[in-house]
Amino acid sequence: QVQLVESGGGLVQAGGSLRLSCAASGRTFSSYGMGWFRQAPGKERDFVAAISWSGDSTDYTDSVQGRFTISRDNAKNTVYLQMNSLKPEDTAVYYCACQYRQFRPPSTRLYEYIYWGQGTQVTVSS
């Protein structure tokens, strides 16, 4: 069993920044790739960013490339999402997730993630 707890969401004006954190417990965190997804009201859950188990490989959806940065601290069992230059269209509930197989490259595929956090709300005002 794995527990993922997100934090760091909130309300921010367009152009501002937020840093999301996801604390993991119950698994060998450093062996698994992690991802961030988001879901806006009435829409599907979409891929945002992913990082490999070692942290040396990342992937981003085009709309956040150059604005968001995913990172991880395996000593703290935590993955981060630094979000800069936020836009109103970034408004969503953000979820972190853990891949179900060890030692995999970053994945954009929702079905490759087995454990999910409860989500944290990010609201960007114009």
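As a reminder, the structure under discussion sits directly above these lines.
Basis of the calculations
- Residues numbered from 1 in each chain as written.
- Predicted model: local features only at pLDDT ≥ 70, side-chain atom pairs only at ≥ 80, totals over all residues.
- Heavy atoms only, no water.
- Helix = DSSP H or I, 4+ residues; strand = E, 2+ residues; numbered from the N terminus.
- Rg over C-alpha atoms; globule rule 2.2 N^0.38 Å.
- Buried < 20%, exposed > 50% of the residue type's maximum accessible area, 1.4 Å probe, protein only.
- Contact = heavy atoms within 4.5 Å.
- Areas by Shrake-Rupley, 256 points an atom, 1.4 Å probe, with all protein chains shown as cover.
- Lys, Arg positive; Asp, Glu negative; His and termini not counted.
- Charge placed at Lys NZ, Arg CZ, Asp CG, Glu CD.
- Phe/Tyr/Trp six-rings, centres within 6.5 Å; stacked < 30°, edge-to-face > 60°.
- Lys NZ or Arg CZ within 6 Å of the ring centre and 35° of its normal.
- Pairing = 2+ DSSP bridges.

*Asks:* Mind showing me how you'd approach the overall build of the chain here?
*Replies:* Looking only at helices and strands, one finds 0 helices and 11 strands in the chain. Along the chain, helices (α) and strands (β) appear in the sequence β-β-β-β-β-β-β-β-β-β-β when read from the amino end. Here the chain has a C-alpha radius of gyration of 13 Å; the compact-globule value for 126 residues is 14 Å, and the two agree. Projected onto the principal axes, the alpha-carbon positions of the chain cover approximately 40 × 25 × 25 Å. Out of the 126 residues in the chain, the part that is buried amounts to 44%. When contacts within the chain are restricted to residue pairs at least 6 apart in sequence, those whose partners lie at least 24 apart make up 60%. Working note: accessible area of the chain is about 6300 Å², and carbon and sulfur atoms make up 45% of it. Seen as two clouds, the 12 positive and the 10 negative side-chain charges of the chain have centres 4 Å apart.

*Asks:* Please clarify how the side chain of Ser21 should be interpreted in this entry.
*Replies:* Within the fold, Ser21 resides in strand E3 (residues 18-25). The contacts of Ser21, once residues within four sequence positions are left out, are Val5, Glu6, Ser7, Trp36, Thr78, Val79 and Tyr80.

*Asks:* So what exactly am I meant to see when it comes to the packing of aromatic side chains here?
*Replies:* A ring pair, where both rings are aromatic, is described by two values, the distance of the centres and the angle of the planes. By the definition in use, this model includes 5 aromatic pairs. One aromatic cluster is present, formed by Phe37, Phe47, Tyr113 and Trp116 through successive ring pairs. Between the NZ or CZ atom of Arg45 and the centre of the ring of Tyr95, over which it lies, the distance is 3.6 Å. Over the aromatic face of Phe29 sits the side chain of Arg72, whose NZ or CZ is 4.3 Å from the ring centroid.

*Asks:* What should I look at first to understand the pairing of strand E9 (residues 92-102) in this one?
*Replies:* For a regular strand, side-chain orientation follows a simple rule: the groups alternate between the two sheet faces. Buried residues dominate E9, accounting for 8 of its 11 residues. In the sheet, strand E4 (residues 32-39) pairs with E9 via 7 bridges, with the strands oriented antiparallel. By the bridge assignment for E9, Tyr32 is matched with Gln102. Bridge analysis of E9 against strand E11 (residues 120-125) gives 3 bridges, and the strand direction is antiparallel. Note that in E11 the partner of Ala92 across the bridge is Val122. Bridge count for E9 against strand E10 (residues 113-116) is 3 bridges, and the pairing is antiparallel. Within E10, the residue paired with Ala97 across the bridge is Trp116.

Purely geometric numbers; function is a separate question.
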